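Residues per chain are reported as follows:
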Amino acid sequence: MKVTVFLLSILLLVSCSPENLWQKVGLASPEPIEITSKTGSPKGNEEDEVDVMKCFVGDRESVVSFSIRKPESLRGNILYPQDKKEAEKMAEMLNAKCFSQHQIKAFLSSEIEDKDLVFAMQNTVFLLDSCRTTLIDGIVGFLPEFPPATEESSKEYKEILEYYNSIKGDVSSYCDKVISGLFDPLLNLLSSSETPTWGEYVKCQLMINLLSGVLEGMERTVEEVFEVLSSEEMIDVVFNLGNEEEIEELQGKLKEVGIHSLLDAVNSLVSSVLPPLAVYNSISYKYGNDIDLMSLSQLLEKLEGV
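Please read these numbers as outputs of a predicted model, since none were measured by experiment. (Residues numbered from 1 in each chain as written. Predicted model: local features only at pLDDT ≥ 70, side-chain atom pairs only at ≥ 80, totals over all residues. Heavy atoms only, no water.)

(A) Representation of the overall build of the chain in the model. Within the chain, the secondary structure is distributed over 13 helices and six strands. Of all 306 residues assigned to the chain, the portion counted as buried reaches 45%. Considering only contacts within the chain whose residues lie at least 6 apart along the sequence, 77% involve residues at least 24 apart. Working note: accessible area of the chain is about 16200 Å², and carbon and sulfur atoms make up 51% of it. (Helix = DSSP H or I, 4+ residues; strand = E, 2+ residues; numbered from the N terminus. Buried < 20%, exposed > 50% of the residue type's maximum accessible area, 1.4 Å probe, protein only. Contact = heavy atoms within 4.5 Å. Areas by Shrake-Rupley, 256 points an atom, 1.4 Å probe, with all protein chains shown as cover.)

(B) Structural view of the pattern of salt bridges. Following the criterion strictly, the structure yields five salt bridges and no others. Notably, a salt bridge pairs K203 with D292, separated by 3.7 Å at the nearest N-O pair. Of this pair, K203 sits in helix α10 (residues 198-229) while D292 is found in the loop between α12 (258-287) and α13 (296-303), placing the two residues 89 residues apart along the sequence. With relative accessibility at 9%, the residue K203 sits in the buried group. Residue class for D292 comes out exposed when judged on its relative accessible area of 57%. Of the charged contacts, one joins E256 and K253 as a salt bridge, the two residues approaching to 3.5 Å between their closest N and O atoms. Of this pair, E256 and K253 both sit in helix α11 (residues 244-256), three residues apart, which is roughly one turn of that helix. (Salt bridge = Lys/Arg side-chain N within 4 Å of Asp/Glu carboxyl O.)

(C) Looking closely at the packing of aromatic side chains. One pass over the structure, following the stated rule, counts three aromatic pairs. Ring centres of F107 and W198 lie 5.5 Å apart, and the angle between their planes is 20°; on these two criteria the pair is classed as stacked. Of this pair, F107 sits in helix α5 (residues 101-108) while W198 sits in helix α10; the two residues are 91 residues apart in sequence, bridging distant segments of the chain. Judged by relative accessible area, F107 falls into the buried class, the value being 12%. Ring geometry for F146 and Y164: centres 5.4 Å apart, planes at 90°, overall edge-to-face. (Phe/Tyr/Trp six-rings, centres within 6.5 Å; stacked < 30°, edge-to-face > 60°.)

(D) Molecular detail of the packing of helix α4 (residues 84-95) against α10. Two elements in contact, α4 and α10, have axes separated by 12 Å at closest approach and are oriented at 150°. By the angle between their axes, α4 is roughly antiparallel relative to α10. For the element pair α4 and α10, the recorded crossing hand is left-handed. On α10, the residues that touch A87, M90 and L94 of α4 are Y201, V202, Q205, L206 and N209. (Axes fitted to C-alpha atoms, helices over the stretch in contact; angles between N-to-C directions. Parallel < 35°, antiparallel > 145°, perpendicular 65-115°, else oblique. Left-handed = near helix turned anticlockwise from the far one by under 90°.)

Nothing here speaks to function; it is geometry throughout.
Rendered as structure tokens:
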């Protein structure tokens, strides 16, 4: 019993799987450091369209789509976002104490030999670059503007409106700067290099996970609002955020629920972004300098315009 407790304590201390523990003490041959990539074909409703929402959130029924014309250069797979468990597994591998930081850094600086993965990374960044303006406009514009408070407005309404506008501003700033700023280095890299490293892959994957969190939060916001509306004619409607007229129609539906209900729904946007931010923080804390990844505090400062 004491031996079992002792071994379990060691396992907790070294933060390794049992297999890696035996490697650490020299009782087994070391396993290589590995990260499992996640790729797949771009999703679309038609042959000449790509639905960005389905590409970066999941191929499931939704009241929100983000269809754009398929770029001519887009052929083959793209990176898919990791789910919470997959992202945490990647972070655990890079933070495992059974590998020295020197070993992890050597892995991150090594070139990716899988040409299909390199091609998928390039496709992903080129897809985002093709739809950048439309995507930012759709994300930033999908939350409606409410009438400004007047002297006759209640104190409660003024406070809620102020809070809502601050959230709306934060979401807009976040989406704009993440998509415009953080993908630029990747675009430059992947357009000029045929041999990206595993560090570049990790950086690209983290960015895709963050974008997925933003889009998933939008989707959840709209779905929760429609549950409040509970309108029969809304059941089969899908709004394409790549279309200005449909954005305006969606904004009208969002305003129908009132600022109180919309505020509750918007909070789901924040909760959707927190898990990928947590993984981002755990990796950037140790290896941000090695893979040119800003720390979480620097990222938040950038988003807040500091």
